[in-house]
Amino acid sequence: GRVVGGARSGPARGECLNRGDVDHPVMQEAMHCREVAVEELAVLVNRVAAQKKLPMVFERTGVVYFENQYDITAEVLKEYNKPKTLKGYKKRVKP
């Protein structure tokens with residue numbers, strides 16, 4: 001990994017992560033953000049599938065053939081990309 005001021009700053013470009021990199025606070029935050037995104041996508045997939053009354057959903061990579069009418073990728077991404085509001089966030093008003 002890169003060394004900045006005597007401290008590791010994570011892997012250099014093209015290097016793989018190792019166990020020590022995962023303990024770095026920046027990496028922990030990145031991993032947390034990824035986990036939140038994966039959880040949010042799972043909720044959205046469930047919501048869209050329920051709205052379309054689909055009995056099951058598969059990842060496209062594991063399916064040999066499917067009809068496009070059952071592909072919900074665009075709908076899930078549309079929902080995922082909608083502007084989000086932060087719960088509990090209060091806009092500051094200048095006095």
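Above this note sits the structure.
Residue numbering note: each chain is counted from 1, following its sequence as written. Restriction of local features to residues with pLDDT of at least 70 applies here, the model being predicted, together with a cutoff of 80 or more for giving and counting side-chain atom pairs; totals for whole chains, interfaces and linings are based on all residues. Side-chain metrics rest on all non-hydrogen atoms present in the structure, leaving aside hydrogens and water.

Draft legend 1. Seen up close, the overall build of the chain. Scanning the chain from terminus to terminus reveals 3 helices and 2 strands. By the criteria applied, helices consist of DSSP H or I runs no shorter than four residues and strands consist of E runs no shorter than two, each listed in order from the N terminus. Ordering the α and β elements of the chain from the N terminus gives β-β-α-α-α. Buried means the residue's accessible area, taken with a 1.4 Å probe over protein chains only, is under 20% of the maximum for its type, while exposed means over 50%, and partly exposed covers the values in between. The buried share of the chain, taken over its 95 residues, is 12%. By sequence separation, contacts in the chain at least 24 residues apart represent 30% of the contacts at least 6 residues apart. Here the accessible surface of atoms and residues is derived via Shrake-Rupley with a 1.4 Å probe, and residues count as covered only by protein chains that are part of the display. Of the roughly 8900 Å² of accessible surface on the chain, a fraction of 57% belongs to carbon and sulfur atoms. Contacts are residue-level and defined by heavy atoms, with any inter-residue pair within 4.5 Å sufficient.

Draft legend 2. Here's a closer look at the packing of helix 2 (residues 25-51) against helix 3 (residues 73-80). Every axis in this analysis is a line fitted to C-alpha atoms, fitted for helices over the stretch in contact. Angles between the N-to-C directions lie between 0 and 180 degrees. Close contact between helix 2 and helix 3 brings their axes to 9 Å; oriented N to C, the two are set at 125 degrees. Looking at the two axes, helix 2 sits oblique to helix 3. Here the hand of the crossing between helix 2 and helix 3 comes out right-handed. Across the interface between the two elements, Ala-37, Glu-40, Leu-41, Leu-44, Val-45, Arg-47 and Val-48 from helix 2 touch Glu-75, Val-76, Glu-79 and Tyr-80 from helix 3. Across the contact of helix 2 with helix 3, the residue classes tally to 7 nonpolar, no polar and 4 charged. Oblique is the label for any angle not under 35 degrees, not over 145, and not in the 65 to 115 range, which are roughly parallel, roughly antiparallel and roughly perpendicular in turn. Crossing handedness: left-handed means the near helix sits turned counterclockwise from the far one by under a right angle, and right-handed means the same turn made clockwise. Following the grouping adopted for this structure description, the nonpolar residues are Ala, Val, Leu, Ile, Met, Phe, Trp, Tyr, Cys and Pro, the charged ones are Asp, Glu, Lys and Arg, and the polar ones are all others, Gly among them.

Draft legend 3. Quick look at the pattern of salt bridges. For this document, the term salt bridge refers to a Lys or Arg side-chain nitrogen within 4 Å of an Asp or Glu carboxyl oxygen. Summed over the entire model, instances satisfying the criterion amount to 3 salt bridges. Where Glu-75 meets Lys-52, a salt bridge forms, and the shortest distance between an N and an O atom there is 3.6 Å. In this pair, Glu-75 is assigned in helix 3 and Lys-52 in the loop between helix 2 and helix 3, connecting sequence segments 23 residues apart. A residue is classified by how much of its surface remains accessible, and Glu-75, at 34% relative accessible area, is partly exposed. The shortest N-O distance in the salt bridge between Glu-79 and Lys-82 comes to 3.1 Å. Residue Lys-82 is classed as partly exposed on the basis of its relative accessible area of 41%.

Draft legend 4. Here's a closer look at the nonpolar core. As used here, the term nonpolar core means buried Ala, Val, Leu, Ile, Met, Phe, Trp, Tyr and Cys residues forming a set that is joined through side-chain atoms within 4.5 Å. Leu-44, Val-48, Ala-49, Leu-54, Ile-72 and Val-76 together form the largest nonpolar core, which totals 6 residues. Top element by residues in this core is helix 2. It accounts for 3 residues. In this view, Val-76 contacts Leu-41, Leu-44, Val-45 and Val-48; residues no more than four positions away in its chain are not counted.

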